[in-house]
Amino acid sequence: MTNHWVDIKNANVVLVMGGNAAEAHPVGFRWAIEAKTRNKATLICVDPRFNRTASVADIYAPIRTGTDIVFLGAVIKYLLDNNKIQHEYVRHYTDFSFVVREDFDFNEGIYSGYNEETRTYDRNTWEYEIDEETGYVKTDPSLTHPRCVYQLMRKHYERYTPEMVERVCGTPKDKFLEIVEIISSTHVPNRTLTILYALGWTQHSIGSQIIRTAAMMQLLLGNIGMPGGGVNALRGHSNIQGLTDLGLMTDLLPGYLTLAKDGEQRFDDYIKARAHKPMRENQLSYWGNYKKFWVSLSKAWFGKAATAANDYCYDWFPKLDKPYDMLRAYEMMTQGKFNGYICQGFNPLAAAPHKKKQSEAFAKLKFMVVMDPLRTDTSEFWRNAGEENDVDTASIQTEVIRLPTSCFAEESGALVNSGRVLQWHWKGANPPGEAKSDIEIMALLYNRIRELYLEEGGAFPDPILNLDWPYSTRLDPSAEELAKEMSGKALLNLTSPSDPSIVTRKAGEQLAGFAELRDDGSTACGCWIYSGSFTEQGNMMARRDNSDPTGIGQTLNWAWAWPANRRILYNRASADPNGRPWDSDRALVYWNGRAWVGADVPDYKADEAPANGMGPFIMNPEGTGRFFARKGMAEGPFPEHYEPFETPLAVNPLNPNEPRALNNPGARVFKRDLEDMGKADEFPYVGTTYRLTEHFHYWTKNVKLNAIAQPEQFVEIGEGLANKLGIKAGDRVKVSSKRDYIKAVAVVTKRIKTLTVDGKELHQVGIPLHWGFVGVAKKGFIANSLTPAVGDGNTQTPEFKSFLVNVEKI
């Protein structure tokens, strides 16, 4: 989230799209209801189903799943055509005036640099023009240059009309126009729109680009950095934010640092590629501090072994030839290229796509270690649990080892919620039986591996033998010790840059924040964005002072938020170029003549005078918000609509003459999985998965009360489809995709309307995902038996929210 949960109450308009906050986030959704009562906010819900959020919304509009870019792109066109943009904000705080390279091109859905064979782009042309003398980006403040971002964006979204929304999304034109008029009302400085989204946007082959389109819309309206504004991801687990923060992705390190690529064998080359220099005069590119973050991370991991002489152990870090994400890992397992798999706090048989492929992959392992408090479908993948013989148990050689872990209530630590707030919790009970915490299990594994290296030797022992391990109990470090390590400490006395005789931080002391990090090996920090969460004053995450002196929800003494306890990112943009709040009634930060002050921690240099003209988006080297994404996205610098890989349409209506632009040309997909894609003639309906309030993912099927609340697997079909197929409520149905089938009870509902898409009737089928073959709930089928193994080109997130199915009455 750019903002946070409580801040939703400051919105004048709340758009819930790509999520069902009332159902999946029922506690946090109270702040959307507060916005309705506090500000008389208008709540808008756009979703394939009339869901629980829609039931309390002021306006609901149906949409075909996977077509959100068409809807949002049409909003962008409407705002531009009708002059409904926050002009001063856009002129000063975005890249509207920047001139793009002459060799950049876009034609019929394909950008310049495309390689059809590899399904990848050479992105070098996706760049601004740079002045050779100054090294800065060329601009045209008049916005008349045909290649300035403003002109290119206007041209790009010419096709995105209300009529196209009706044709592609199935959303009635009059309903779209009603919604866009309300959205556009927030282009004035004293009204804000907040966007709440979840997996309904991310779990598509174009998921990242959907979210970018929403961000572009908010930039046009001047809603980024504002109280009650922003683009706010509602995380599916209470600690999933912490998972990405700490780099638990194959190409990430903690704090969103990235692993080196295979061609970056030299440390200096690695740092230079990431420590971006400013692209405009007097701009701050905060990633210029990248070396400080990386060196401090390496010192936290390797301690005294990391020195300037060995480039702080840079050679010990892996260099990636390709991303080894979840989809690639399981593809490699099917090819017999993995020996073992440690599955920690994850149930991929249910949570990853194409269950039959997962079963095949796991059956080719030599061993699988499952760390989880409960039995999972994954730990028992070898069971023949289906109605038909879909698992040949006798042929499976995989040894499955279960290591029972404690659950969150049985250990201390921090949960990091959607709003980036690290909130400490305390252990409530001891785990049962032989269960141990994840920390203890990982410590035991590491120490045993280290002993084996010492006893027997082995290839490349240096990182294992030299890992810094300063914990008081070697085999069971405490959560507090790890939290301190992530927050960071001084290894040597730190002195003032202006006066070396002044010691600002003594050796051994906890750091106050990431501004104290150094690149000379004198600081250690396990996650730079968490620096300041555990200081010399104590555990900032454990604070419980909910006072709110300004009344706008910035409770800075309740727990701690990254970065720097800042609650709203880009908050400098909440004030005009002179430092005055756009909305004095919701003043967030402002310039008092000497410094930036206010209700939040300024996302800006505290002493930078507005007259100096520095842009507010200091993580970008140009200092502005980007409409043109430069080289950052796999599919192109402007979001473009591509059909889901399993589409009911024969062509992409936005680019009907270019077959390569039917689906995302930069998506993650393997040849075998392309062959497993269904076609509309055999699978004529569109399936989408979702969650229920009564269950929490795959955990609560182990709980009797939850099983009573939602006792049996069902699928939701609209009255139109039910009448067509002769199905009535309570009938059992078989829902099939090209990959597999499930059987469930039919819930016939008015909530899913028959849509007219490209001149034809279109039916959508809702498939809750909580059932499987373990637990106390009535046994069911894994919903991801149906879903295709294709992922977003940037995050590799699978396309769970749009795929083709057939429905038959049993």
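Since the structure is predicted, the reported quantities are computational estimates derived from the model, not experimental observations. (Residues numbered from 1 in each chain as written. Predicted model: local features only at pLDDT ≥ 70, side-chain atom pairs only at ≥ 80, totals over all residues. Heavy atoms only, no water.)

## Here's the deal with the side chain of Gln241
(1) Moving on: With respect to the helices, strands and loops of the structure, Gln241 is situated in helix α11 (residues 240–245).
(2) Moving on: On the basis of relative accessibility, which here comes to 5%, the residue Gln241 falls in the buried class.
(3) Moving on: A polar atom in the side chain of Gln241 sits 3.0 Å from the side chain of Arg235.
(4) Moving on: A polar atom in the side chain of Gln241 sits 2.9 Å from the side chain of Asp245. (Helix = DSSP H or I, 4+ residues; strand = E, 2+ residues; numbered from the N terminus. Buried < 20%, exposed > 50% of the residue type's maximum accessible area, 1.4 Å probe, protein only. Polar contact = N/O pair within 3.5 Å; in protein donor to acceptor, adjacent residues only side chain to side chain.)

## Re the UniProt feature "domain: Molybdopterin oxidoreductase" (unreviewed entry) in the protein
(1) Moving on: In this numbering, the UniProt entry assigns the feature "domain: Molybdopterin oxidoreductase" (unreviewed entry) to residues 2–376.
(2) Moving on: Between the end C-alpha atoms of residues 2–376 there is a gap of 34 Å, over a span that is 35% helix and 13% strand. (UniProt positions renumbered as here; feature names shortened; annotations may be inferred.)

## Quick word on the layout of surface pockets
(1) Moving on: As a volume, the second largest pocket reaches approximately 490 Å³.
(2) Moving on: Residue lining of the second largest pocket: 26 residues in total, with Val90, Arg91, His92, Tyr93 and Thr94 positioned closest to the centre.
(3) Moving on: Within the residue set of the lining of the second largest pocket, elements represented by two or more residues are α5 (87–93) and α6 (149–156).
(4) Moving on: Examining the composition of the lining of the second largest pocket, we find that five residues originate from one element, α5, more than from any other. (1 Å grid on protein atoms, 1.4 Å probe; cavity = no way out; pocket = protein on both sides within 12 Å on 5 of 7 lines; lining within 4 Å. Points joined across faces, edges and corners; volume = space filled by probe spheres on them.)

## Some points on the state of the cysteines
(1) Moving on: A full pass over the atoms with the stated rule returns zero disulfides.
(2) Moving on: Not engaged in a disulfide, the cysteine Cys527 finds its nearest cysteine sulfur in Cys525; these two sulfurs lie 6.8 Å apart. (Disulfide = S-S within 2.5 Å.)

## Some details on a nonpolar patch on the surface
(1) Moving on: On the surface, Leu243, Leu248 and Met249 cluster together into a nonpolar patch covering about 260 Å² of accessible area.
(2) Moving on: Take Leu248: it is sitting in the loop between α11 and β10 (252–253). (Patch = residues over 30% accessible without salt bridge, like charges linked within 9 Å, V, L, I, M, F, W, Y side chains within 5 Å. Areas by Shrake-Rupley, 256 points an atom, 1.4 Å probe, with all protein chains shown as cover. Salt bridge = Lys/Arg side-chain N within 4 Å of Asp/Glu carboxyl O.)

## Regarding the sheet that holds strand β34 (residues 764–768)
(1) Moving on: In space, the six strands of this closed barrel follow the order β28-β34-β29-β31-β30-β35, with mixed pairing throughout. Sheet twist, expressed as the mean angle between neighbouring strand axes with direction ignored, is 45°.
(2) Moving on: Judged from the two bridges that link them, strand β29 (residues 714–718) and β34 form a sheet pairing that is antiparallel. What sits directly across from Glu716, in β34, is Gly766. (Pairing = 2+ DSSP bridges. Axes fitted to C-alpha atoms, helices over the stretch in contact; angles between N-to-C directions.)

## Some points on helix α10 (residues 207–221)
(1) Moving on: With 15 residues, α10 extends 22 Å between its outermost C-alpha atoms, agreeing within 8% with the 21 Å of an ideal straight helix rising 1.5 Å per residue.
(2) Moving on: A large share of α10 lies buried, amounting to 14 of its 15 residues.
(3) Moving on: The first or second residue beyond α10 is Gly222, which carries a positive phi of 70°. (Expected span 1.5 Å × (residues − 1).)

## Here we look at empty space enclosed by the protein
(1) Moving on: Per the stated rule, a full pass over the model turns up one cavity of 30 Å³ or more.
(2) Moving on: What the largest cavity holds in volume is close to 350 Å³.
(3) Moving on: In this structure, the largest cavity is lined by 24 residues; those nearest its centre are Gly19, Asp47, Gly200, Thr689 and Tyr690.
(4) Moving on: It is strand β28 (residues 685–690) that provides the largest number of residues to the lining of the largest cavity, a total of three residues.
(5) Moving on: Looking at the lining of the largest cavity, its residues break down into seven nonpolar, 10 polar and seven charged. (Nonpolar A, V, L, I, M, F, W, Y, C, P; charged D, E, K, R; others polar.)

## Thoughts on the UniProt feature "domain: Molybdopterin dinucleotide-binding" (unreviewed entry) in the protein
(1) Moving on: Residues given the UniProt feature "domain: Molybdopterin dinucleotide-binding" (unreviewed entry) here are residues 688–803.
(2) Moving on: Between the end C-alpha atoms of residues 688–803 the distance is 7 Å, and the span holds 11% helix and 29% strand.

## Some details on the sheet that holds strand β16 (residues 399–404)
(1) Moving on: Reading across the sheet, the three strands line up as β14-β15-β16 and stay open at both edges, with parallel pairing between neighbours. Edge strands, defined here as strands with exactly one partner in the open sheet, are β14 (340–344) and β16. Averaged over all pairs of adjacent strands, the angle between their axes in this sheet comes to 15°, without regard to strand direction.
(2) Moving on: Relative to strand β15 (residues 367–372), β14 runs parallel, the two sharing five bridges. Each bridged residue has a counterpart across the sheet, and for Ile342 the counterpart in β15 is Val369.
(3) Moving on: Docked against the sheet, helix α17 (residues 438–456) engages β14, β15 and β16, running at close to 145° with respect to β15. (Contact = heavy atoms within 4.5 Å.)

## Re the pattern of salt bridges
(1) Moving on: A complete count under the given rule lists 47 salt bridges for this structure.
(2) Moving on: One salt bridge connects Arg448 with Glu451, and the closest N-O pair in it is separated by 3.2 Å. Taken together, the residues span about one helical turn, with Arg448 and Glu451 both in helix α17 at a distance of three residues.
(3) Moving on: What emerges from the salt-bridge pattern is a single network uniting Glu127, Glu622, Arg626 and Arg630.

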